[in-house]
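Each chain, letter by letter, is given below.
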Amino acid sequence: MLTLDALPYLWPFLVGALAAWLVGSLPSGLIAARLAGRSDLRETGSGSVGATNVLRTAGRLPAAITLVLDYAKGMLAVMIGHDTGGPDMAVIAALFVVVGHMFNPWLRFRGGKGVATALGVTLALSWPSGLAILGVWLAVAGVTRISSVSGMASIIASPVAIWMVTSDKQYAGVMILVAVLVVVRHHANIRRLVTGKEPRIGR
């Protein structure tokens with residue numbers, strides 16, 4: 001049971017969680033699409049503010065900018081968390097930066113599906129693991145040509161990669177939570193995959 005005596009130890013983690021959530025809430029895709037003169041992403045395509053929907057509605061350059069910024073959000077949140085509070089804070093930041101991206105307070109708690117941000121998180125937690133799951137994304141995308149499948153496959157592989165490289169239970173555990181969130185946020189994509197209606201990359 002939490003007591004008032006525990007608050008001095010908890011408040012840095014609460015502040016860290018809030019800070020990571022706010023970093024994750026930067027609507028990179030929405031900003032990139034609007035700078036390209038496109039309409040509100042939430043009203044076009046899949047309704048997501050992630051890089052895939054930006055690609056389909058605004059083009060390659062805005063999508064690339066979105067991808068880099070979303071990736072950077074995950075990396076920076078974890079790196080700053082680790083530098084300010086060690087591994088425990090890095091784990092808090094890893095989870096909440098993805099939550100902030102998915103449930104954006106500035107967009108009525110709508111957001112992206114978290115793949116790019118989660119990839120950035122993995123790279124910051126363990127750069128060999130991050131490179132490995134980026135390879136998974138590229139390999140699955142090359143075979144299936146379906147962005148949602150490659151995204152889910154890479155994030156599902158992330159806790160396995162981190163465990164194999166670092167044997168760190170905290171890092172692997174938080175990436176299991178992140179993977180669950182990413183898969184749940186892809187519920188509409190999963191329905192389209194089952195019915196054979198999920199669009200392929202380039203179409």
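Structure: see above.
Heads up: these notes are all about the structure in this document.

**A short note on the layout of surface pockets**
- Approximately 890 Å³ is the volume attributed to the largest pocket.
- Contributing to the lining of the largest pocket are 38 residues, with Ala51, Thr52, Leu67, Trp137 and Ser147 lying nearest its centre.
- For the lining of the largest pocket, the secondary structure elements donating two or more residues are helix H3 (51-58), helix H4 (60-102), helix H5 (115-125), helix H6 (127-144), helix H7 (147-166) and helix H9 (187-195).
- The leading source of residues in the lining of the largest pocket is H4, at seven residues.
- Among the residues making up the lining of the largest pocket, the classes are represented as 14 nonpolar, 15 polar and nine charged.
- Its boundaries defined by the atoms lining it, the second largest pocket holds a volume of some 160 Å³.
- In terms of lining residues, the second largest pocket is bounded by Pro12, Gly16, Ala19, Ala20, Val23, Ala77, Ile80, Gly81, Thr84, Met89 and Ala93.
- It is H4 that provides the largest number of residues to the lining of the second largest pocket, a total of six residues.

**Quick word on H3**
- Within H3 the residues assigned to the buried category are Ala51, Asn53, Val54 and Ala58. When H3 is viewed along its axis, its buried side chains cluster within an angular range of 155° and face the same direction.
- Contact partners of the buried residues in H3: helix H2 (28-35) and H4.
- Of the residues flanking the end of H3, it is glycine 59, one or two places downstream, whose phi is positive at about 110°.

**Side note on the packing of H3 against H4**
- At a minimum axis distance of 7 Å, the contact between H3 and H4 shows a crossing angle of 165°. Judged on the interaxial angle alone, H4 and H3 are roughly antiparallel. For the pair H3 and H4, the sense of crossing is right-handed. Facing Ala51, Val54, Leu55 and Ala58 of H3, the residues of H4 in contact are Arg60, Pro62, Ala63, Thr66 and Leu67.
- The residue inventory of the contact of H3 with H4, partitioned by class, reads seven nonpolar, one polar and one charged.

**Considerations on the side chain of serine 25**
- In this structure, serine 25 sits in the loop between helix H1 (7-24) and H2.
- For serine 25, the side chain forms a polar contact with the main-chain oxygen of leucine 22, separated by 2.7 Å.
- In this structure the side chain of serine 25 is engaged in a polar contact, spanning 2.9 Å, whose partner is the side chain of tryptophan 106.
- Setting aside its immediate chain neighbours within four residues, serine 25 contacts Gly100, His101, Asn104, Pro105 and Trp106.

About the thresholds
Residues numbered from 1 in each chain as written. Predicted model: local features only at pLDDT ≥ 70, side-chain atom pairs only at ≥ 80, totals over all residues. Heavy atoms only, no water. 1 Å grid on protein atoms, 1.4 Å probe; cavity = no way out; pocket = protein on both sides within 12 Å on 5 of 7 lines; lining within 4 Å. Points joined across faces, edges and corners; volume = space filled by probe spheres on them. Helix = DSSP H or I, 4+ residues; strand = E, 2+ residues; numbered from the N terminus. Nonpolar A, V, L, I, M, F, W, Y, C, P; charged D, E, K, R; others polar. Buried < 20%, exposed > 50% of the residue type's maximum accessible area, 1.4 Å probe, protein only. Arc of directions from axis to C-beta. Contact = heavy atoms within 4.5 Å. Axes fitted to C-alpha atoms, helices over the stretch in contact; angles between N-to-C directions. Parallel < 35°, antiparallel > 145°, perpendicular 65-115°, else oblique. Left-handed = near helix turned anticlockwise from the far one by under 90°. Polar contact = N/O pair within 3.5 Å; in protein donor to acceptor, adjacent residues only side chain to side chain.

That's the geometry; what it means functionally is another story.
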